[in-house]
Amino acid sequence: MATRSRGTTVLLAVAAAGLWLLVVNVLGTGQSSIWRHDPIWLLGALVGVSFLTAGIVAWRAHPRNRVGPLMVALGVAWIPQQLLFLPGGALWALALCGMWAGVACHLFLAFPTGRLGLVSYRVLTGLAYVAAFVLTSAQAATHLPLPVPLRHFATALDDSSWQVTVLICGVVLAITVKRWRQASLAQRRAVAPVTGASVVATVTFAGKRMVGLFGPNPLEVLLTLVMLGAFIAVPLAYLAGLMRSRMDHGRVADLVVRLSRREQPDTLRDELAATLRDPGLAVGYWTADQDRYVDADGSPVDLDPGPGRVVTRVDQGEAPLAVLVHDAALLEQPLLVEAACAAAALALENERLTADLRARLRQLAASRRRMLQWGEAERRRIERDLHDGVQQRLLSVAMTLGLAEAGTDPARTVPLIGEAKTAVLAALDDLRAVSHGIHPPVLTERGLSGAVKELAAVAPMAVTCDLALDEPLPQSAESAAYYIVNEALANVTKHASASKAWVRLAREGGRLVVEVGDDGVGGADLARGSGLAGLADRAEANGGKLLIESPPGEGTVLKVVLPCA
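Since the structure is predicted, the reported quantities are computational estimates derived from the model, not experimental observations. (Residues numbered from 1 in each chain as written. Predicted model: local features only at pLDDT ≥ 70, side-chain atom pairs only at ≥ 80, totals over all residues. Heavy atoms only, no water.)

Mapped onto the elements of the fold, Val 103 is located in helix 5 (residues 99-110). Taking the C-alpha atoms as reference points, Val 103 and Trp 78, 25 residues apart in sequence, are found 9.7 Å from one another. Among all residues touching Val 103, those that are not within four sequence positions of it are Leu 70, Ala 73, Leu 74, Ala 77 and Tyr 129. (Helix = DSSP H or I, 4+ residues; strand = E, 2+ residues; numbered from the N terminus. Contact = heavy atoms within 4.5 Å.)

With their axes 4 Å apart at the nearest point, helix 7 (residues 148-159) and helix 8 (residues 161-182) run at an angle of 35° to one another. Across the interface between the two elements, Leu 157, Asp 158 and Asp 159 from helix 7 touch Ser 161, Trp 162 and Gln 163 from helix 8. Tallied by class, residues from the contact of helix 7 with helix 8 come to two nonpolar, two polar and two charged. (Axes fitted to C-alpha atoms, helices over the stretch in contact; angles between N-to-C directions. Nonpolar A, V, L, I, M, F, W, Y, C, P; charged D, E, K, R; others polar.)

For helix 16 (residues 475-496), with 22 residues, the first-to-last C-alpha span of 30 Å sits near the 32 Å given by 1.5 Å per residue. Backbone geometry just after helix 16 places Ser 497 at a positive phi near 50°. (Expected span 1.5 Å × (residues − 1).)

Taken as a whole and judged by the stated rule, the model has four salt bridges. Here Arg 446 ties to Glu 454 by a salt bridge, and the two come within 3.2 Å at their closest N and O atoms. Taking relative accessible area as the criterion, Arg 446 reaches 47% and is therefore assigned partly exposed. Its relative accessible area of 37% is what places Glu 454 among the partly exposed residues. Between Arg 504 and Glu 508 there is a salt bridge, with its nearest N and O atoms 3.9 Å apart. (Salt bridge = Lys/Arg side-chain N within 4 Å of Asp/Glu carboxyl O. Buried < 20%, exposed > 50% of the residue type's maximum accessible area, 1.4 Å probe, protein only.)

With 74% of its residues at a pLDDT of 70 or more, the protein chain shows a mean pLDDT of 77. Averaged pLDDT values over the elements of the protein chain bottom out at 65 in helix 13 (residues 345-406) and peak at 91 in helix 5. Note on residues 32-37: pLDDT under 50 across the span, and 11 contacts to partners over four residues away in sequence or across chains. (pLDDT = per-residue confidence, 0-100.)

In terms of nonpolar packing, the biggest core is built from 59 residues, with Trp 20, Phe 51, Leu 107, Phe 231 and Tyr 238 touching the most fellow members. Those elements that place two or more of their residues in this core are helix 1 (2-27), helix 2 (39-61), helix 3 (67-83), helix 5, helix 6 (119-141), helix 8, helix 9 (185-211) and helix 10 (218-260). With 10 residues, helix 2 is the largest single contributor of residues to this core. Among residues more than four places away in sequence, those in contact with Phe 51 are Met 71, Val 72, Leu 74, Gly 75, Leu 107, Phe 231, Val 234 and Pro 235. Grouped together as the second largest cluster of nonpolar side chains are 40 residues, Val 452, Val 492, Val 503 and Ala 536 included. (Core = buried A, V, L, I, M, F, W, Y, C linked by side-chain atoms within 4.5 Å.)

Here we take up the pairing of strand 5 (residues 462-468). The pairing of strand 5 with strand 6 (residues 500-508) spans seven bridges and is classified as parallel. Residue Ala 462 lies in a different strand from strand 6, and its bridge partner there is Lys 500. Following the chain from strand 5 across helix 16 to the adjacent parallel strand 6, one finds a crossover that is left-handed. (Pairing = 2+ DSSP bridges. Right-handed = clockwise from strand over helix to strand, strands pointing away.)

Strand direction decides the pairing type here: strand 8 (residues 545-549) and strand 9 (residues 556-563), joined by five bridges, are antiparallel. Following the sheet pairing, Ile 548 is matched in strand 9 by Leu 558. Between strand 8 and strand 9, which pair antiparallel in sequence order, lie six residues; one of them, Gly 553, sits at a positive phi of approximately 80°.

Moving on to the packing of aromatic side chains. Summed over all chains, the structure comprises eight aromatic pairs. The interplanar angle of 50° and the centroid separation of 6.2 Å between the aromatic rings of Trp 78 and Phe 231 together place this pair among those described as tilted. Remark: Phe 231 occurs in helix 10 and Trp 78 occurs in helix 3; sequence separation between them is 153 residues. The exposure class of Trp 78 is buried, given its relative accessible area of 0%. Judged by relative accessible area, which is 3%, Phe 231 ranks as buried. With centroids separated by 5.9 Å and ring planes inclined at 70°, the aromatic side chains of Phe 111 and Tyr 238 adopt a geometry described as edge-to-face. One end of the pair, Phe 111, is in the loop between helix 5 and helix 6; the other, Tyr 238, is in helix 10, and 127 residues separate them in sequence. (Phe/Tyr/Trp six-rings, centres within 6.5 Å; stacked < 30°, edge-to-face > 60°.)

Take the sheet that holds strand 9 next. Across the sheet, which stays open at both edges, the five strands sit in the order 5-6-7-9-8 with mixed pairing between neighbours. The open sheet has two edge strands, strand 5 and strand 8, and neither has a second partner. Averaged over all adjacent pairs, the angle separating strand axes in this sheet is 10°, with direction ignored. The strands touched by helix 16 are strand 5, strand 6, strand 7 (511-518) and strand 9; relative to strand 7, the strand with the most contacts, the crossing angle is about 10°.

Here it is, written out as structure tokens:
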């Protein structure tokens, strides 16, 4: 099918070239033979034929790109100009001989996408079309027997044509230089041949108009030859770019071979960058647990890369797999990017799993570090509470009993013993308060379901409980679930402005699912809340994960999945 398509394209291009020459021959009949040996005429014919045939090839290769149609239009618009190379050119040809310049300006400004992206480009292109038609029409009008006022007006327009031409050419060159300076390395590589030939053609065209003011001279002929040669180079350079694009597709096969021989797991990005010729390419891998893309080291990938860079998503079926952050110039070759991603799909999946593991390890390490800091702070708090509370009370008990032991008067000894008893009971209360921060006694007394019901009972809003726990749970899972529910309900009380909440505990296979929801203001963000970050740390420290759904104005649902096998 591809061979047949290429064959059809070649036939169309050859037929169009033959038709172009036939039209020029018919229109030029009676003026001179088409088979002239004048080099300017021959080069002019090559300009028209090259733009026409290259435009057909480009149009069929990239139907959505307007460069092909513009080249075809330039080839057709070149016919009146070609007739002027013959002696005794017709006035209608003289009136239309400048239209090719308007199309050329349009083509140069729209390259390589075929679209005029900025308003300034559209304005300049419109002015170029108007000038191309009006100025050449005025030149043709000077050969007609017009009334004196019209003749003077046409002559004035014809005399000013070189200034307008030079001005438009200068603006086009300035825009070209600005775009070149702002382009990335990949963009420059893609447009360099066509841009270079276009610049030479524009400069020599403007120079030819200025030199022509001094009458026929050898420099004008030389500039005309250089201009025609540069115009011929433009479509040839574009065709060379199309061939290079096909060669780039051929590198995809080499990519498969190189990936099969990879020894270092971190070279996939380099291989893709070499295939796509984008040294700054970045690869992000999807991690479902974190709901984001990370690089090979597990660090988050910025999906807003800035000007000149775009993000292409790579999916595996309907599931996200990876993203490529690459140069915007590659958007002109979407099939190349798609083929490279398809060839590297297996390696991308392997890298995704590796990146996911690294991200988990990085996140777990951070969570454990925060839990260790929290544990150290709790240890110091317990030490301080024991020292300032229980220890002081027990010391007071010892001193009181010592006084009772030394006394001989029962009337004084009995109150001392009573005071010691009261101090011991107070010390027990202090110990219960301290131990509650280590392991809640209510868990031991009533189990997880009873402890959660007690938390719901003391909450300031109505809390509905759905506790489907028929089998005993590991102590670590019970303790983690209790503190998660406790902290979650505390967050609802402080921040949610909710009228009601609900708690669901369920054992699903080897996992304990803890859900806490409310009908509050929503908008909870894990990155902004220290309480939520603490919940995430506790969940991850116990081998689980935390998920939050909190659309603004629609409440919050917090879900924690803990292993309990």
